[in-house]
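Fold and contact review
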Amino acid sequence: MPDVSVRPATAEDRPTVERLWLMFRHDLSGFMGVLPHPDGTFRSERVDAAFTEEGWAPYLLLRGDRPAGFAFVRGLNGPTRVLNSFFVVRGARREGIGTRAVREVVQRHPGPWEIAFQYENEPAVRFWRRVASALAPGAWTEETRPVPDRPDLPPDVWISFRAGGGAGEGA
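Residues numbered from 1 in each chain as written. Predicted model: local features only at pLDDT ≥ 70, side-chain atom pairs only at ≥ 80, totals over all residues. Heavy atoms only, no water.

1. Quick notes on the environment of glutamate 54
Put simply, the test is: Helical segments are the DSSP runs of H or I of at least four residues, strand segments are the runs of E of at least two, and each set is numbered from the N terminus.
Along the chain, glutamate 54 falls in the loop between α2 (45-52) and β2 (57-63). Linking glutamate 54 and asparagine 77, residues 23 residues apart in sequence, is a C-alpha distance of 7.5 Å.

The following block contains the structure:
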């Protein structure tokens, strides 16, 4: 496996994460039919939240000294942590980096977890089911939920599991 590390993203990392965010949103645009804003950017309020709001934590994924992706966690000040956004660049996919990164992020924040994705994103469906099975074998659930305030969108798919160090808990 390549040299992979996951670390909290700092203010100095924000420009790198913002560029990775553009790649992430570009990938999702193929499933969601979303075009960029006139200036070529996509909505970025989650980047702002990850770096500024209480209860959020941004992480930078690195392969060697190169950025390979990011993860945004929210809900750290609540009962359930949510992996809000997760991305691995195409050149680093299918190497186990994503699974390893999710494991490291989840282990930093024990407790209940939820991860959302869309059925239209078939690679994400396979990835998140595989990750849930690795982190919480036989102890995860999957359900669809409507997108709040967006009846025009198909429902999100949510995987839920518990991570921690106790007996019978995943991760």
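Right, picking up where we left off after that structure.
2. Remarks on the side chain of histidine 109
To be explicit about the condition: Here, two residues are considered to be in contact whenever any of their heavy atoms come within 4.5 Å of each other.
For histidine 109, the location among the structural elements is in the loop between α3 (97-108) and β5 (111-117). If sequence neighbours within four positions are ignored, histidine 109 has contacts with Tyr59, Leu76 and Arg81.

3. Notes on the nonpolar core
Condition: Buried Ala, Val, Leu, Ile, Met, Phe, Trp, Tyr and Cys residues form a nonpolar core when they are joined through side-chain atoms within 4.5 Å. Three labels apply to residues, based on accessible area from a 1.4 Å probe with only protein chains included: buried if under 20% of the type maximum, exposed if over 50%, partly exposed otherwise in between.
Counting residues in hydrophobic clusters, the biggest one holds 30 residues, and the most contacted among them are Leu83, Phe86, Val102, Val105, Trp113, Trp128 and Phe161. Per-element accounting of this core gives the leading share, seven residues, to helix α4 (residues 122-135). Residue contacts for leucine 83: discarding those within four places in its chain leaves Ala71, Phe72, Val73, Val102, Val105, Trp113, Glu114, Ile115 and Trp128. Membership of the second largest hydrophobic core comes to 15 residues, among which are Leu20, Phe24, Val47 and Leu60.

4. Description of α2
Short version of the rule: Each direction from the helix axis to a C-beta atom contributes to the arc, which is the arc of those directions.
Taken residue by residue, α2 has Val47, Ala49 and Ala50 as its buried positions. Across the axial projection of α2, the buried residues extend over an arc of 165°, all falling on one side.

5. Brief notes about the confidence of the model for the chain
Selection criterion: Per residue, pLDDT measures the predictor's confidence, with a range of 0 to 100.
With 82% of its residues at a pLDDT of at least 70, the chain reaches an overall mean of 82. Within the chain, no element has a lower average pLDDT than helix α1 (residues 14-32), which sits at 74, and none a higher one than β2, at 93. With pLDDT under 50 throughout, residues 166-171 is counted as low confidence; its partners more than four residues away or in other chains account for 14 contacts.

6. Let's talk about the packing of aromatic side chains
Short version of the rule: Between rings of Phe, Tyr and Trp, where Trp is taken as its six-membered ring, a pair exists when centres lie within 6.5 Å; planes separated by under 30 degrees are stacked, by over 60 edge-to-face, and by other angles tilted.
Under the definition given, this model contains five aromatic pairs. Geometrically, the ring pair formed by phenylalanine 70 and phenylalanine 87 is tilted, given 5.8 Å between the ring centres and 35° between the ring planes. Placement of phenylalanine 70 in strand β3 (residues 66-74) and of phenylalanine 87 in strand β4 (residues 81-88) is noted, with a sequence separation of 17 residues between them. Across the pair, phenylalanine 87 and phenylalanine 70 agree in class, each one buried. With a centroid separation of 5.9 Å and 15° between ring planes, the pair formed by phenylalanine 86 and phenylalanine 127 is classed as stacked. Of this pair, phenylalanine 86 sits in strand β4 while phenylalanine 127 sits in helix α4; the two residues are 41 residues apart in sequence, bridging distant segments of the chain. Per residue, the accessibility class of phenylalanine 86 equals that of phenylalanine 127, and both read buried. The rings of Phe70, Phe72 and Phe87 are connected pair by pair, giving a single aromatic cluster.

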